[in-house]
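# Notes for the structure review
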Amino acid sequence: MIWNPSEGITIGSFTLRFYSLMFVIAFALGYYIMKKVYERENRSQDELDKLFFYTFIATLLGARLGHVFFYDWNYYKDHLSEILLPFKFDPFEFTGFAGLASHGAAVGIILAMFFYSRMIKKPLLWILDRVVLSITIGGVFVRFGNFFNSEIYGHITDKSMPFGVKFIREDEFWQSQNLLGITQAASKNEAYKLIQTDPRFSTILEAIPFRHPTQLYEAFGYVILFIVLMFMYWKTDARNYLGKIFGVFLVFLWLIRFVVEYVKESQGGFESSLGLLSTGQWLSIPFIIAGIYIWATAKNRPVTNS
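It should be emphasised that the depicted structure is a prediction, and the values quoted were computed from it without experimental measurement. Positions within a chain are numbered from 1, following the residues in the order the chain's sequence is written. The predicted origin of the model limits local features to residues at a pLDDT of at least 70 and limits the giving and counting of side-chain atom pairs to 80 or more, whereas totals for whole chains, interfaces and linings rest on all residues. The side-chain values count all of the structure's non-hydrogen atoms but skip hydrogen atoms and water molecules.

Working definition: rings of Phe, Tyr and Trp (its six-membered ring) pair if their centres are within 6.5 Å, and the pair is stacked with planes under 30 degrees apart, edge-to-face with planes over 60 apart, and tilted otherwise. Taken as a whole and judged by the stated rule, the model has 22 aromatic pairs. Ring plane angle 50° and centroid distance 5.7 Å describe the contact between tryptophan 3 and phenylalanine 148, whose orientation is recorded as tilted. Of this pair, tryptophan 3 sits in strand β1 (residues 2-3) while phenylalanine 148 is found in helix α5 (residues 124-148), placing the two residues 145 residues apart along the sequence. Taking 5.6 Å as the distance between ring centres and 85° as the angle between the ring planes, the aromatic pair formed by tyrosine 31 and phenylalanine 52 counts as edge-to-face. Segments assigned H or I by DSSP are reported as helices when at least four residues long, segments assigned E as strands when at least two residues long, and all are numbered from the N terminus.

Structure, rendered in structure tokens:
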């Protein structure tokens, strides 16, 4: 499969990037799911709106800070102003928030839910057991967004591999190639299109490797986990034991991430100093261990009506 999508949906001079659209869908679906949950739990609309606000801020802020401190601190320690600003100063360039880390988002959401649980006077695990339904399906669309952005892809694989994808826009290949110089195109988008369709650049196209679409591997795993968690909440008594759903979520979401990391290109971080495992794998281990404990002890925490 050759993958060279457009950046988004263009209406006049405005382009809605697919990555942004996937975030919108993720939060919209999450809100819808939690609305149904809160209706079942007889919680107010005001509490739901505050939950959405807390989750939104915690996800974006946590994911951004997670990328900065876990994966790219060597750069940001010398560019502190760029941590929370979507542009560079020297030279000035609008960059958006190019780095978002799921481990940071997880920490941010847990902290935000701690304060939220105190506000609505419910146990933290009660909140987490329910909000992970939305988080899991949200993760699916975030990974779709990564796929549209041709980022967080996997290792090179043989072209005979049925799931291999040739990412025309992959960073690694073009770091050593002058895209605009080769194509004489006016823009990168035009250049990528020429590489894909113009026979003059067939040797360049052939040189771009096939890779594992790890974004889709993760998305598929999250879909399965979402179905399991929804079944647990709606069809079993798991919601009546604090931490049971959240524990399952922690174990399997981060286990999926851990396994996929074996075929994912390095995202940087501290893995070079620790070896054996990637940064993403090292960061996933504490979540998996915590999940096992919370899941195993959930039977000792029945939900009370108080």
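Next comes the rest of the write-up.
When accessible area is computed with a 1.4 Å probe and restricted to protein chains, residues below 20% of their type maximum are described as buried, those above 50% as exposed, and intermediate ones as partly exposed. Along helix α8 (residues 188-197), the residues classified as buried are Ala191, Tyr192, Leu194 and Ile195. When α8 is viewed along its axis, its buried side chains cluster within an angular range of 160° and face the same direction. As used here, the arc is the angular range of directions from the helix axis to the C-beta atoms.

Turning our eyes to something else, we now look at the sheet that holds strand β8 (residues 210-211). For two strands to count as paired, DSSP must find a minimum of two bridges between them. Strand order in this open sheet of four strands is β1-β7-β8-β6, and the pairing throughout is mixed. Each end of this open sheet is capped by a strand with a single partner; those strands are β1 and β6 (156-157). In this structure, β6 lies alongside β8, joined through two bridges in antiparallel fashion. Each bridged residue has a counterpart across the sheet, and for isoleucine 156 the counterpart in β8 is arginine 211.

Now for the environment of glycine 164. If you trace the backbone, glycine 164 turns up in the loop between β6 and β7 (165-167). For glycine 164, a relative accessible area of 4% puts it in the buried group. Taking the C-alpha atoms as reference points, glycine 164 and proline 213, separated by 49 residues in sequence, lie 6.7 Å from one another. What makes two residues a contact is simply this: any of their non-hydrogen atoms within 4.5 Å. Setting aside its immediate chain neighbours within four residues, glycine 164 contacts Met1, Thr157, Phe210 and Arg211.

Those places that UniProt annotates as "transmembrane region" (unreviewed entry) correspond, in this numbering, to residues 16-33, 53-74, 94-116, 123-144, 216-234, 241-260 and 280-298. Taken end to end, residues 16-33 is 89% helix and 11% strand, and its two terminal C-alpha atoms sit 25 Å from one another. UniProt positions are given in the numbering used here, feature names are shortened, and annotations may be inferred rather than shown by experiment.

So, on to unusual backbone geometry. Positive phi is not limited to glycine here, since isoleucine 152 has a value of about 55°. Among the residues examined, isoleucine 152 registers a relative accessible area of 18% and is labelled buried. Positive phi outside glycine occurs at glutamine 184, with the angle close to 60°. Within the fold, glutamine 184 resides in the loop between α7 (179-183) and α8. Owing to a relative accessible area of 65%, glutamine 184 belongs among the exposed residues under this scheme.

This brings us to the packing of helix α1 (residues 18-40) against α5. Here, axes are lines fitted to C-alpha atoms. For helices the fit covers the stretch in contact, and angles between N-to-C directions go from 0 to 180 degrees. Between α1 and α5, whose axes approach to 8 Å, the crossing angle comes to 160°. By the angle between their axes, α1 is roughly antiparallel relative to α5. Where α1 crosses over α5, the handedness of that crossing is right-handed. Ten residue types, Ala, Val, Leu, Ile, Met, Phe, Trp, Tyr, Cys and Pro, are classed as nonpolar, four, Asp, Glu, Lys and Arg, as charged, and the remainder, Gly among them, as polar. In terms of residue class, the contact of α1 with α5 is made up of 20 nonpolar, five polar and one charged. Each angle receives one of four descriptions, namely roughly parallel if under 35 degrees, roughly antiparallel if over 145, roughly perpendicular if within 65 to 115, and oblique otherwise. Two helices crossing with the near one rotated counterclockwise from the far one by less than a right angle form a left-handed crossing, whereas a clockwise rotation gives a right-handed crossing.

Mapped onto this numbering, the UniProt entry annotates "binding site: a 1,2-diacyl-sn-glycero-3-phospho-(1'-sn-glycerol)" (unreviewed entry) at Arg143. Inspection of the secondary structure puts arginine 143 in helix α5. Its relative accessible area of 8% is what places arginine 143 among the buried residues.

Turning next to the nonpolar core. For our purposes a nonpolar core is just a set of buried Ala, Val, Leu, Ile, Met, Phe, Trp, Tyr and Cys residues, chained together by side-chain atoms within 4.5 Å. Within the largest apolar cluster, 48 residues are counted, with the highest numbers of intra-cluster contacts made by Tyr38, Leu51, Met113, Ile127, Leu229, Phe246 and Phe249. Put simply, the parts of the chain that give this core at least two residues each are α1, α2 (45-71), α4 (102-120), α5, α10 (214-235), α11 (244-260) and α13 (279-297). Those residues in contact with phenylalanine 249 that sit more than four places away from it in its chain are Val132, Ile135, Thr136, Leu225, Leu229 and Trp254. In this structure, Ile168, Ala185, Ala191 and Leu194 belong to the second largest nonpolar core, which totals 13 residues.

On to the side chain of glutamate 218, then. Position of glutamate 218 relative to the elements: it lies in helix α10. The exposure class of glutamate 218 is buried, given its relative accessible area of 0%. Throughout this description, a polar contact denotes any pair of N or O atoms lying within 3.5 Å of each other; where both atoms belong to protein, one of them has to be capable of donating a hydrogen while the other can accept it, and for residues adjacent in sequence the pair is counted only when both atoms sit in side chains. Only 2.6 Å separates the side chain of glutamate 218 from the side chain of lysine 264, close enough to count as a polar contact. Look past the residues within four positions of glutamate 218 in its chain and what remains in contact with it is Arg143, Ile256, Arg257, Val260 and Lys264.

Oppositely charged side chains are able to pair whenever their charged atoms sit close together. Think of a salt bridge as a Lys or Arg side-chain nitrogen and an Asp or Glu carboxyl oxygen that are within 4 Å of each other. Applying the stated rule across the entire model yields 11 salt bridges. With a shortest N-O distance of 3.0 Å, arginine 143 and glutamate 218 are connected by a salt bridge. Of the two residues, arginine 143 sits in helix α5 while glutamate 218 sits in helix α10, which places them 75 residues apart along the sequence. In this structure, glutamate 170 and arginine 211 form a salt bridge, with 2.7 Å as the shortest nitrogen-oxygen distance. You can see glutamate 170 sitting in the loop between β7 and α6 (171-174) and its partner arginine 211 sitting in strand β8, a full 41 residues away along the chain. Accessibility classification places glutamate 170 together with arginine 211 in one group, the buried group. Residues joined by salt bridges that share partners form a network here, namely Arg143, Glu218, Arg257, Glu261 and Lys264.

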